[in-house]
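Results of the structural survey
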Amino acid sequence: MNTTLTKSLRIATLVAATFSTPYALAADKIIKIDGSSTVYPITEAVAEEFQKATKTKVTVGVSGTGGGFKKFCRGETDISNASRPILQKEIDACKEAGVQFIELPIAYDAITVVINQKNDFAKKMTVTELKKLWEPSAQGKVKTWNQVNSAWPNTPVKLFGPGADSGTFDYFTEAVVGKSKSSRGDFTASEDDNVLVKGVVGDVGGLGYFGYAYYEENQDKLNAVAIIEKAGKPAVLPSKATIEDGTYQPLARPIFIYVNATAAAFKPEVKAFVNYYLEKSKPLIEEVKYVALPEKEQNAVIKHWKALKPGTGFGGKAEVGVKIEELLARIK
């Protein structure tokens, strides 16, 4: 998906760097990035355009949010893609290795619950029903759809989801089950979202979840489930509009890049790349089907970046529903 996409994208003009750092840099410089598969399409698109503009090499790996933070906190990468906030154990690992970081929200995503197109009964689900399906106590016990809702058929359930290193896994379990990483283990797990797509497409009782962009890319093969946050609330499908207006809850979330603060302060190529990312990524974000930050929030992120202020606004916990300006204000 990403190779075809990024080849079709062109940025016609460049603007001056935020702190007078030029985009044109030496060709022998290498910027190393790893982490979230959810954030990957955006960062890969930005990296390709930045490389064309500057001849600076950018490598972008996909080892999941958790796997990316492991490398980042060992000082092996300059930037880490993340689909959830950094956790306390990762903060501690970074501190032990002497790695400070700058937390930058870059877009909004919606974790999308998907079902097979032949499934005509679970077009909408409550968060309570999702919890009943995914909580640890369901393992080996909740095996059919009618065990989730008695009005549904006695069809076997086949579950697909991200692996344990995924930030999407962490956020989904926090939002739905109530505790990060708390999940039944008897499901098909993969860090490759395309594997999850194929799994749900191939099983009439299949259900999975992943980032909105992967649903958009495959909506001719899958159906999205409308989510009912709580009793009395309407069923809401994920879309650009429902992500922006805050009605797709609790599965809408900000996604991030984390920048090594030492690299940002002393490596001009890293500073230039982040400048470019924040200034030029909006059309790329929209092209890969994520939701760009509103102007007010984007300006707050740029201001935060200019200050090179290290730290996190989440305090090491994967909170749900925090506004971007609020979390940036927490970083002192």
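Fair warning: this is a prediction, and the values are worked out from it, not measured in the lab. (Residues numbered from 1 in each chain as written. Predicted model: local features only at pLDDT ≥ 70, side-chain atom pairs only at ≥ 80, totals over all residues. Heavy atoms only, no water.)

1. Here we look at the sheet that holds strand 1 (residues 30–35)
A sheet is described by the order of its strands in space; here five strands give the open sequence 2-1-3-13-4, paired in mixed fashion. In this open sheet, the two strands that pair with only one neighbour each are strand 2 (57–60) and strand 4 (101–110). Each strand axis lies, on average, 20° off the axis of its neighbour in the sheet, ignoring direction. Pairing between strand 1 and strand 3 (residues 79–82): three bridges, direction parallel. (Pairing = 2+ DSSP bridges. Helix = DSSP H or I, 4+ residues; strand = E, 2+ residues; numbered from the N terminus. Axes fitted to C-alpha atoms, helices over the stretch in contact; angles between N-to-C directions.)

2. Section: the packing of aromatic side chains
Evaluation of the coordinates by the stated rule reveals 16 aromatic pairs. Note on W134 and F172: the rings are 5.8 Å apart at their centroids and 80° apart in plane angle, and the pair reads as edge-to-face. Of this pair, W134 sits in helix 5 (residues 127–134) while F172 sits in helix 6 (residues 167–177), and the two are 38 residues apart along the sequence. Looking at W134, the relative accessible area reads 1%, which means it is buried. Between F256 and Y258 the ring centres are 5.9 Å apart and the planes differ by 45°, which places this aromatic pair in the tilted class. Linked through ring pairs, F69, F101, F256, Y258 and F314 together constitute an aromatic cluster. (Phe/Tyr/Trp six-rings, centres within 6.5 Å; stacked < 30°, edge-to-face > 60°. Buried < 20%, exposed > 50% of the residue type's maximum accessible area, 1.4 Å probe, protein only.)

3. Quick look at the nonpolar core
With 101 residues, the main nonpolar core has I42, M125, V259 and F273 as its most contacted residues. When residues no more than four places from it in sequence are discounted, the contact partners of V259 are F72, D78, I79, Q100, F101, I102, L104, A264, V270, V274 and W305. (Core = buried A, V, L, I, M, F, W, Y, C linked by side-chain atoms within 4.5 Å. Contact = heavy atoms within 4.5 Å.)

4. So, the pairing of strand 13 (residues 252–260)
In terms of residue burial, strand 13 counts as a mostly covered element, since nine of its nine residues are buried. Burial of strand 13 is two-sided: the residues A252, P254, F256, Y258 and N260 facing one way and the residues R253, I255, I257 and V259 facing the other way are all buried. Where strand 3 and strand 13 come together, four bridges link them in antiparallel fashion. Across the sheet, A82 pairs through a bridge with F256, a residue of strand 13. Bridge count for strand 4 against strand 13 is nine bridges, and the pairing is antiparallel. Looking across to strand 13, one finds that E103 is bridged to Y258.

5. Some words on the state of the cysteines
By the definition in use, this model includes one disulfide. Each sulfur of the disulfide joining C73 and C94 lies 2.0 Å from the other. Between C73 and C94, the S-S torsion sits near -70°, and that sign places the bridge as left-handed. In this pair, C73 is assigned in helix 3 (residues 64–73) and C94 in helix 4 (residues 88–96), connecting sequence segments 21 residues apart. The residues C73 and C94 share a single accessibility class, namely buried. (Disulfide = S-S within 2.5 Å.)

6. Here's the deal with the pattern of salt bridges
Taken as a whole and assessed by the stated rule, the structure comprises twelve salt bridges. Of the charged contacts in the structure, one is a salt bridge between R84 and E90, with a shortest N-O distance of 2.8 Å. Per residue, the accessibility class of R84 equals that of E90, and both read buried. Across the salt bridge formed by R84 and D170, the nearest N and O atoms sit 2.6 Å from each other. (Salt bridge = Lys/Arg side-chain N within 4 Å of Asp/Glu carboxyl O.)

7. Some points on the layout of surface pockets
In this structure, the largest pocket encloses a volume near 260 Å³. Contributing elements (two or more residues each) for the lining of the largest pocket: helix 9 (240–244) and strand 13. No other element matches strand 13, which puts three residues into the lining of the largest pocket. When the residues that make up the lining of the largest pocket are grouped by side-chain class, the tally is seven nonpolar, three polar and four charged. Its boundaries defined by the atoms lining it, the second largest pocket holds a volume of some 170 Å³. (1 Å grid on protein atoms, 1.4 Å probe; cavity = no way out; pocket = protein on both sides within 12 Å on 5 of 7 lines; lining within 4 Å. Points joined across faces, edges and corners; volume = space filled by probe spheres on them. Nonpolar A, V, L, I, M, F, W, Y, C, P; charged D, E, K, R; others polar.)

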